[in-house]
Amino acid sequence: MNKHRFVIYTPYVSGKEVQRLKNRFKERGLHAFVAKRDGVYMPSLGDVIIGWGYSRPPNWKGQAERIGCLWLNHHSLILNSAKKLNSFWLFDKAGVPFPEITKLKATAKEWLQDGQTVFARASDTGCRGEGITVLNSQWDPIPEAMFYSKYVPNNRELRVYV
């Protein structure tokens, strides 16, 4: 019998991806469950805590650290991926490719003149397309933005979390 419990620490308690992950553990005969930030979960020796999208520390953090639970993707490290510009900086430092970005409106204009599609990003914390203006033509007005990124044509999306 496996002594480890796999604890998924996420704000996405009922999301499809969370259920899929829980099912993967179950298929392998392993016990996995979601622990809420302010829930009733009590850490136990041998627990493996998997941080998934939550940068705020849980109220049970102290107990988990005292008894030496293993944290995968610690909540404090999730802050690295919460802000896209931080992520891009870390990707660059580690040699991980990512779309070309700029903070200069003039550079975004050059990309458009070269026939590129450009995303004007009003925020570096948005998700699911929030805060993005898609620019397809050199005649599109370029809005003020936190940064601009080149579109990379693809037929699927891969995400790297830091």
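Look above for the structure.
One structure accompanies this document, and this report is about it.

Definitions and limits used
Residues numbered from 1 in each chain as written. Predicted model: local features only at pLDDT ≥ 70, side-chain atom pairs only at ≥ 80, totals over all residues. Heavy atoms only, no water. Helix = DSSP H or I, 4+ residues; strand = E, 2+ residues; numbered from the N terminus. Rg over C-alpha atoms; globule rule 2.2 N^0.38 Å. Buried < 20%, exposed > 50% of the residue type's maximum accessible area, 1.4 Å probe, protein only. Contact = heavy atoms within 4.5 Å. Lys, Arg positive; Asp, Glu negative; His and termini not counted. Charge placed at Lys NZ, Arg CZ, Asp CG, Glu CD. Core = buried A, V, L, I, M, F, W, Y, C linked by side-chain atoms within 4.5 Å. Pairing = 2+ DSSP bridges. Axes fitted to C-alpha atoms, helices over the stretch in contact; angles between N-to-C directions. Phe/Tyr/Trp six-rings, centres within 6.5 Å; stacked < 30°, edge-to-face > 60°. Salt bridge = Lys/Arg side-chain N within 4 Å of Asp/Glu carboxyl O. Parallel < 35°, antiparallel > 145°, perpendicular 65-115°, else oblique. Nonpolar A, V, L, I, M, F, W, Y, C, P; charged D, E, K, R; others polar.

## Here's the deal with the overall build of the protein chain
And step 1. Helix and strand counts for the protein chain come out as five helices and eight strands.
And step 2. For the protein chain, the succession of helices and strands along the chain, N to C, is β-α-β-β-α-β-α-α-β-α-β-β-β.
And step 3. Rg of the C-alpha trace for the protein chain: 20 Å, well past the compact-globule value of 15 Å for 162 residues, more than 25% over.
And step 4. With the principal axes as the frame, the protein chain shows a C-alpha extent of 65 × 30 × 30 Å.
And step 5. Counting all 162 residues of the protein chain, 30% fall into the buried class.
And step 6. Counting contacts in the protein chain only where the partners sit at least 6 residues apart, residues at least 24 apart contribute 57% of the total.
And step 7. Distance from the positive charge centre (24 side chains) to the negative charge centre (14 side chains) of the protein chain: 9 Å.

## Here's the deal with the nonpolar core
Taken as a class, soluble globular proteins show a tendency for nonpolar side chains to be buried jointly.
And step 1. Core analysis: the largest hydrophobic core is formed by eleven residues, namely Val7, Tyr9, Phe33, Ala35, Tyr41, Ile49, Tyr54, Trp60, Ala64, Cys69 and Trp71.
And step 2. Residue assignment for this core shows that the elements contributing at least two residues are β1 (5-9) and β2 (31-35).
And step 3. Trp111, Ala120, Leu135 and Ile142 belong to the second largest nonpolar core, which has eight residues in total.

## Some words on the sheet that holds β2
And step 1. Here four strands make up an open sheet; going across it, the order is β2-β1-β3-β4 and the pairing parallel. Looking along the sheet, the strands with just one partner apiece sit at the ends: β2 and β4 (70-72). Put simply, the sheet's adjacent strands are angled 25° from each other on average, direction ignored.
And step 2. Both β1 and strand β3 (residues 48-51) contribute to a ladder of four bridges, which runs parallel. Across the sheet, the residue bridging to tyrosine 9 is glycine 51, located in β3.
And step 3. Here helix α1 (residues 16-27) sits on the sheet in contact with β1, β2 and β3, set at roughly 155° to β2.

## Examining the packing of aromatic side chains
Any aromatic ring pair is given by two values, namely how distant the centres are and how the planes are angled relative to each other.
And step 1. The tally for this structure, following the rule as stated, stands at eleven aromatic pairs.
And step 2. Three or more aromatic residues link up through ring pairs in this structure, and these residues are Tyr9, Phe33, Tyr41, Tyr54, Trp60 and Trp71.

## Section: the pattern of salt bridges
And step 1. If you walk through the whole model with that rule in mind, you get four salt bridges.
And step 2. Residue glutamate 27 pairs with arginine 28 through a salt bridge whose shortest N-O separation is 3.8 Å.
And step 3. For glutamate 27, a relative accessible area of 61% corresponds to the exposed category.

## Describing the packing of helix α3 (residues 75-82) against helix α4 (residues 84-94)
And step 1. Direction vectors running N to C along α3 and α4 enclose 95°, while the axes themselves pass 5 Å from each other. Classified by the angle between their axes, α3 and α4 sit roughly perpendicular to one another. Mapping the contact onto sequence places Leu79, Asn80, Ser81 and Ala82 in α3 and Lys84, Asn86, Ser87 and Leu90 in α4.
And step 2. For the contact of α3 with α4, a count of residues per class yields three nonpolar, four polar and one charged.

## What about unusual backbone geometry?
And step 1. Although it is not a glycine, asparagine 73 adopts a positive phi angle of roughly 65°.
And step 2. Relative to the helices and strands, asparagine 73 resides in the loop between β4 and α3.
And step 3. Owing to a relative accessible area of 33%, asparagine 73 belongs among the partly exposed residues under this scheme.

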